[in-house]
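# Chain and residue survey
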Amino acid sequence: MEHLRRTFTAPLTRTPRPLRHRANEQSKAVITTFNRVIQSNWGYTDILKYGSIICSLDVSVLQYLSPTSLMVAEFLLTCFSNQTTVPCCIGGTGFLSSCSVNQKSVLYSVANSSFSTVLTDPATYYQIISSYLGVNVRGLKQYENSSMIKAWVAEQKQSDLNTLNIGLLGGTPDIVNSTLVPSKTPLNITASTSTFTPSNNSNSPKVAALSSDDLFTLLTCKLSSNVVYSKEVWTLFLQKVAAPLPAALDKYSSVRPNVTLPDPSFLNAIGDVIVNNFSAAQLRDAVFITQWFQIRLRPFLSSVPANFLSMLSSRNFSCETYQVVVNAFSSQEPAMQDQQKLSIISNFIKPFLRGQSCVLPGSNDSDWLVKNFGQFRSSASFSDFISLKSDFNGVNAAQVLTSSQLAELCSDPIRLTGPQDVNTVMAAVSPNQFTSFFDSLTSSIQLNASLYSTVVKEAFLQAVLVRGGLSSAAVPDSEVLQWVTVRLRPLLSSLSSADVTPYFNIIRGRSCNTRQTAVSSLDAVSSSFNSDTQTQIYSSIQQLLTGPNGLICYSGGSIYAFLKSSFLSFGFPDLSTFLSLIPAGRQQELLGSISPAELSVFLNGPNTVRNGSDLCTLLNNYNSTNQYLQTQPVVSAAVGRQTLGCVWPRALSASSQDEVDQWFNVRLAQYLPLLSSQLISPTQLSGASCLSYRKLVSVLGSNYNYSATDFTPAVVYSSIKAYLNSSDGSPRCYNSSNPRLNSTAWFANNIGFFITFISLTDLQSFVSGSQIGVFLENSGNIQLFNNSRISSDVTTYYGTQLYIQNPNYKPLSLLGVLLCGAPGSAFVYLTTADSQTILDTLKKSCQQISPEVTAALVANFPTLSTDTITKSFGNQSIGLTEGQISGAKPDIINNTLPVLSVITGWNQGQVNNIIQSITNAGFSINSGTSLVILGTLIGGVPSAAISKIPSTELLTVSQNPTFITNILTAPVTLQETYVQKIVSVDQTKVVENVPDALAGYIPPVLLSSPTSVNVTLINKKSWRAEQAMVLFSSVADASDNTEELSESILQGFTCSAVQNLPRSKVPQLVRACRPRAGRSKVVLKEPQLTCMYNYVKDDSNLTFTDVPADMLLYYSLQTLTKVNCRSYFRALGGADFSVLSSVLNRQSALFANAQDCLGISGVRLNSTQVEVLGNMTCTLDPTYIQNSDPLILEKLKNCGDLSVSQATAIQTLLYTGNTSYGNPSTWNQQTLDQLGILPLYLDQSFWGKFSSTTTKTFLRSFFPTLRKQKVQNWKLSRLFTAANSFTAKSINTKARALTRAACTTGNITEATIADPSFPLGYDSTQFDACLDNTLLKDNIAAITEKVIDSSFLTIILSKLNQLFPSGLPDSVVQILNAVSRVATVSDISTWNITTIDTLSSLMNLFNGDWTSDQSKAIIMKYLSAAGNTLGTAEINAIGSNLCSLDSTVLKSITAQSLKSANPVNVSSCSIDQKSALYSIAKSSFSTQRSNPTIYYQLISSYLGNVHKNAMNKFSFHLSF
């Protein structure tokens, strides 16, 4: 090879022509001879050796040239210079320059065949073939448009070109010779002068040995040229240079990293010659394969042919060496064309991996792909991967996949297990690849939408929205439209709430069409969105429409329709949002574009109207509001109510009747049923015009349906009340000079249906008594007030005012219920027939007829008959006077007994006369049955009659509850007599036999030695304190649960009673006496309370609320601390401070400690201090009361009594007007009602704050209440005097001016007497003048039960003395009541006091105290009657008044009588009297001496200081 190199690189100089010719001749002879000898075609070595002398050969010799040999020869010819290596050819060396046309023709034929592979490349083909053209140049015609041929033609003589006869034009005109030569003469190579050595093998001639460097040089030349050689040439050549080839390739690789080969023959030849001959070991040797493919063959791999690749795929590479080869190819991948890359995949990678997948342990899919596909993974399809590796997970390999491969992966929904897979995939796709990625993917998702889960689609969508950059202004609207209408369309159904904002960011600032199209795309799949997404879309649309340019896409027409098209199915703005979208300056314009029908649809949409003020804004700015109200139906009640609320002020302010009618009859006809409490509230109505107000009252009348409203007629009335309230007493909305407001049917027009809710206070606040008169006789008003549901005090007031206005108003003209309220005086002078008519009406119309009316009407029947009582009167027979009863025929009274015996409320005079009358008629009171028949009349039965009835019969009727109820209303002495009779049946079973309610009349001594103790039975009965003390020890001992002991038993607690009980049980008994809800207070006295305290004072388990509040009065104040003192005083606040005796002086000590504990300084108590003190306020000085928080008034209501100075302080506080009762000028009957018990103590100045009517009305209920509470008569008298001082004065001032003798106030009639406030309004003079003696005689009990003023009582007694000059009979004395207390001893001496009933009535302490002389006179008068003694009944009746009798009289009392009597308080007795009674008591209770505790309890009331020493031997632990 070195010799050849030297020959080829000899100086490039021409040999002188003569010498050259001579050499040619010699060469020709040699060649010809050689050719004859070998008789074979020439090889390429022969051609190389012959060189230019080839033209000396004959044509016949040249025919032995083979195309392949020629080509190889051309391959080996290389021109060398010191600077460059230039590819050359045989023709180019000048070898053929001397050849003839025929020689060139033969050579051209061979060359054309040799180089046919490069015919497609004209330039290359020309370079190679040009030397051989000769006469065959006509073949150039087909390439005449080639720039290369054009250049060559331009250098030829046109005459030469013409001789070719092929039509080539463009040559020069000069003609040199007939032979065409290349335009640029190639370098000449001098022929070798070396001796020719024949080849050993004629078919494969040898090439002179080449070194690796020579071969490198040769490869560098040939592989860089455009000359294409066949595979056979290369194969032949490579077979001959196989030895130096590796080293030459190593060097070539280091110099030329990559080469683009003109054709694949070289590598194919390499494959055949080299690779195909790799041994199995070499194929699996990574180092070896690396050396060859990554070094030696690397430069050529960018042009690797398919055949070579196919050959490689069939080689038995290991996975490792296969991957080495892939890496080698990958290194050249950047220089490859796409087709070349695909060829590597299809011809090498895929075929090889089909044979073995090369999945290595521990490798993942990314590793597998990178190692086995190298850089060609980008050119493969995803299907290629999964075809070669069935479990290939593209998601795991996402980072090494291309976007198209990833799109292909994602086109198979099965390969995406969830959004995490999508996120992995999309992270591998760069945003600039999104378009192509989704263009590929979208169609697949559309075709297989159901196979893609929502979360997977959402993940794709999120990737675009977050990373796609579509919100950039650089992205044109057309591109955005393509995304929202095509690429994202199959994904939009998965849009979540979180995706909405990024989506809308894309279209924000875009054209109206783009925005609308984007929203429409969402709308098309809106059914797939959840509520959150829908809401977010709605919000985003709203944001597009918000701001200065929010309505930029609005081009006119209905703004409502525009917004509907903007929001589509994603909801619609509520009213507040709707208004916010409309610029303030365009509200009327844009709202006016909405039709009433559209407005109705809008407003009635779900949750449209959330804020009533927004609706009002709309309706106030909408120019078709009235039309809307009239024409559009009320679809939604809620919207209707709010609509009504907005226009309501306009309706209420209407000032003309026509406008009012338009509003209420037309515009609001549908809306009025939707009125709310707020719309008819006082605040709303306060500014209403009188016409609108009146219309509203009419609308809300009886035909209005309240079932669907949030208010009731009572609420409406509250607003009416506020509207009509008048500060000066003038009726609102009444003007006698205004034709629209001068109707006297004022109540009917302004209150109407709601009149049933009116109270007297309301009525008086609407119109004063001085101005109500003009309305009273109006028929409409009378009809209105004729309603039984109106409060009786209202109808009474109406009737009273009517009669004040017109005293002569005929009651027959009044309707129904108004008769119930008419004053009794209205009926006084009616005829019997008219009275009957009125009675019939009253019984039908009135639930209750007032006593005054009953008395007045019944008095109009001078003659009684059975029918009159049973049919006309019925229950109203209660109005019969004593005179009517006694004057009626006894048979009539007896025959009407079934009616009379069931009427309740009889006074003592009435029942006495009825009993007397029926007895006269033959009714016998001699059995238990007869008593039952008498019913409510039993109170008139004489005690003596009870005494005569067999005890067993009385025991039998005790089981009749009605009888027991009735007998409880009878006088006490009758009840005692009845119990004594029952007791006599069996004294060992008194607890069992005596009815529970009458147990208090059992003599204590009979309870002292029970044979057995039935706690449950005893617990049910009502006991007096003295009885309880006797029972307590045995009951407490027998009780297992002290909490169940009744209040009446617990009041018997004493130290002596508990001294024998277990010590632990005593605190339980004390605790049982504590205040408890639902139970009455256990009434205890000071000795009991101090005893209790001594028992429990050291018990740390008990709190202040665990003991009776009264016991805390004796709590050791030294033990109080700042921590517990407030709790103590709060509990103490429930105590009765009147229990404290003055001896202990506890009140001042308690208050002093309270001051310190509660921080009380000065004389003012705040509300907190008052609240804590509670009942202690009852003990406070007046200065505290009048200066303290008004709450003190509420506490003072609980006081058992108040001093005059305390009452004055209360008035002072009330007069300030700073209490809850308001300014005195506003006081009315309600004020009196709310003051509770306090009016009992207040003086005449207080009552002067009220009208006589108010005072009288209040006292009609207050007096009966006080009597029921058994308030002492002297207190009632004080109240009467205080109230009457102003009332009588206001009534009688004018009368007194006329005369002081005549009755001017009004004759006292049955109706007057029946008034519970009687004789209020009369002073003593008028009382005397107006009370007729006959009327008095017929109504003695009715009068004496009510009159309590001493001057009035004196007048009554005087008149009675006139009526009974011989002395008052028993029947009269028995019903004197308080009148008896004004009698003198002289008066008493004339009385008949023969029965125990009369004596008991006289001794009733409720009517007041007796003086000792009076008491003695009465008792002695009684004893003077034949058969009367100081028996048990008498002792019980007389009580402590026994001390008024002489000792000699007292000594007549028998031991048995005293034993069975109630204990007597002998504290007012003299020593002699006490001794006499004590002596009898000792004898009475001698049988109980064995039980010291019981004995002491029984005899204790008879002990004086003198006799207490006699008790020392019993060593009692008494608590004093």
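Quick note: structure is the one above.
First, a word on scope: everything that follows refers to the structure included in this document. Values in this document were obtained by computation on a predicted structure and should not be read as measured data.

### Observations regarding the overall build of the chain
Helix and strand counts for the chain come out as 89 helices and two strands. Evaluated residue by residue, the chain yields a buried proportion of 53% over its 1520 residues. Of the contacts formed within the chain by residues at least 6 apart in sequence, a portion of 69% connects residues at least 24 apart. Of the accessible surface of the chain, which amounts to about 64300 Å², a share of 50% is contributed by carbon and sulfur atoms.

### Here we look at the nonpolar core
Within the largest apolar cluster, 442 residues are counted, with the highest numbers of intra-cluster contacts made by F293, F329, F460 and F578. Core analysis: the second largest hydrophobic core is formed by eight residues, C55, V61, L62 and V106 among them.

### A few points about the packing of aromatic side chains
For the coordinates displayed, the defined rule picks out 72 aromatic pairs. Aromatic pair Y322 and F352: ring centres 4.2 Å apart, planes at 10 degrees, arrangement stacked. Here Y322 is found in helix 17 (residues 319–331), whereas its partner F352 is found in helix 18 (residues 338–355), with 30 residues between them in sequence. The two residues Y322 and F352 agree in class, both being buried. On the basis of an interplanar angle of 65 degrees and a centroid distance of 6.4 Å, the ring pair of F747 and Y798 is categorised as edge-to-face.

### Things to note about the state of the cysteines
Using the criterion set out here, one finds nine disulfides in the structure. In this model, C319 is linked to C358 through a disulfide, with the two sulfur atoms separated by 2.1 Å. Torsion about the S-S bond of the C319 and C358 cystine: about -95 degrees, corresponding to left-handed handedness. Of this pair, C319 sits in helix 17 while C358 sits in the loop between helix 18 and helix 19 (365–373), and the two are 39 residues apart along the sequence. Like C358, C319 is buried. The side chain of C512 participates in a disulfide bridge whose partner is C553; the two sulfur atoms lie 2.0 Å from each other. Across the S-S bond of C512 and C553 the torsion is about -95 degrees, and the bridge reads as left-handed. Residue C512 is found in helix 27 (residues 512–524), and its partner C553 is found in the loop between helix 28 (531–544) and helix 29 (559–567); the two are separated by 41 residues along the sequence. Here C512 falls in the partly exposed class, since its relative accessible area comes to 33%.

### What to know about the packing of helix 17 against helix 18
Relative to each other, helix 17 and helix 18 sit at 165 degrees, their axes nearing to 12 Å. The angle between helix 17 and helix 18 places the two elements in the roughly antiparallel class. When you trace helix 17 past helix 18, the crossing you get is left-handed. Contact residues: Y322, V325, V326 and F329 in helix 17; I344, F348, I349, F352 and L353 in helix 18. Taken together, the residues of the contact of helix 17 with helix 18 sort by class into nine nonpolar, no polar and no charged.

### Things to note about helix 57 (residues 972–983)
An α-helix turns once every 3.6 residues. As a result, residues three or four positions apart point the same way. An ideal rise of 1.5 Å per residue puts 16 Å on 12 residues; helix 57 measures up with 16 Å between its terminal C-alpha atoms. Every buried residue of helix 57 is listed here: T973, L974, Q975, E976, T977, Y978, V979, K981, I982 and V983. The inward-facing, buried residues of helix 57 contact helix 54 (943–947), helix 55 (951–957), helix 56 (961–967), helix 58 (990–993), helix 82 (1396–1402) and helix 84 (1432–1438).

### Quick word on unusual backbone geometry
Put simply, F1318 and P1319 share a cis peptide bond, and its omega is 5 degrees. One can find P1319 in the loop between helix 75 (1310–1314) and helix 76 (1324–1330). The phi angle at C358 is positive, at roughly 55 degrees, despite the residue not being glycine. Positive phi, close to 65 degrees, is recorded for C733, a residue that is not glycine. The topology assignment puts C733 in the loop between helix 39 (713–724) and helix 40 (746–750). When its relative accessible area of 9% is taken as the criterion, C733 is described as buried.

### Observations regarding the pattern of salt bridges
The final tally for this structure, using the stated rule, is 35 salt bridges. For R1076, the salt bridge is made with E1043, and the minimal N-O distance between the two is 3.2 Å. Highlighted residues: R1076 in the loop between helix 63 (1065–1072) and helix 64 (1086–1096) and E1043 in the loop between helix 60 (1025–1038) and helix 61 (1047–1050), separated in sequence by 33 residues. A residue is classified by how much of its surface remains accessible, and E1043, at 23% relative accessible area, is partly exposed. Salt bridges sharing common partners tie together E1043, R1071, R1074, R1076 and D1106.

### Observations regarding the side chain of S303
Within the secondary structure, S303 is located in the loop between helix 15 (286–296) and helix 16 (306–314). On the basis of relative accessible area, S303 is assigned to the buried category, the value being 12%. Residues within four places of S303 in sequence aside, it is in contact with V259, T260, L261, L267 and Q340.

### Some points on the side chain of S726
For S726, the position within the fold is in the loop between helix 39 and helix 40. Overall, S726 belongs to the buried group, its relative accessible area being 13%. Only 2.8 Å separates the side chain of S726 from the side chain of D728, close enough to count as a polar contact. Not counting residues within four places of it along the chain, the set of residues in contact with S726 comprises S765 and F766.

### Comments concerning the environment of A1209
Here A1209 shows up in helix 70 (residues 1204–1215). Note on A1209: relative accessible area 1%, which makes it buried. It is 9.8 Å that separates the C-alpha atoms of A1209 and L1242, two residues lying 33 residues apart in sequence. Here A1209 is in contact with P1182, I1185 and Q1186, once residues within four sequence places are set aside.

Conventions adopted
Residues numbered from 1 in each chain as written. Predicted model: local features only at pLDDT ≥ 70, side-chain atom pairs only at ≥ 80, totals over all residues. Heavy atoms only, no water. Helix = DSSP H or I, 4+ residues; strand = E, 2+ residues; numbered from the N terminus. Buried < 20%, exposed > 50% of the residue type's maximum accessible area, 1.4 Å probe, protein only. Contact = heavy atoms within 4.5 Å. Areas by Shrake-Rupley, 256 points an atom, 1.4 Å probe, with all protein chains shown as cover. Core = buried A, V, L, I, M, F, W, Y, C linked by side-chain atoms within 4.5 Å. Phe/Tyr/Trp six-rings, centres within 6.5 Å; stacked < 30°, edge-to-face > 60°. Disulfide = S-S within 2.5 Å. Axes fitted to C-alpha atoms, helices over the stretch in contact; angles between N-to-C directions. Parallel < 35°, antiparallel > 145°, perpendicular 65-115°, else oblique. Left-handed = near helix turned anticlockwise from the far one by under 90°. Nonpolar A, V, L, I, M, F, W, Y, C, P; charged D, E, K, R; others polar. Expected span 1.5 Å × (residues − 1). Salt bridge = Lys/Arg side-chain N within 4 Å of Asp/Glu carboxyl O. Polar contact = N/O pair within 3.5 Å; in protein donor to acceptor, adjacent residues only side chain to side chain.

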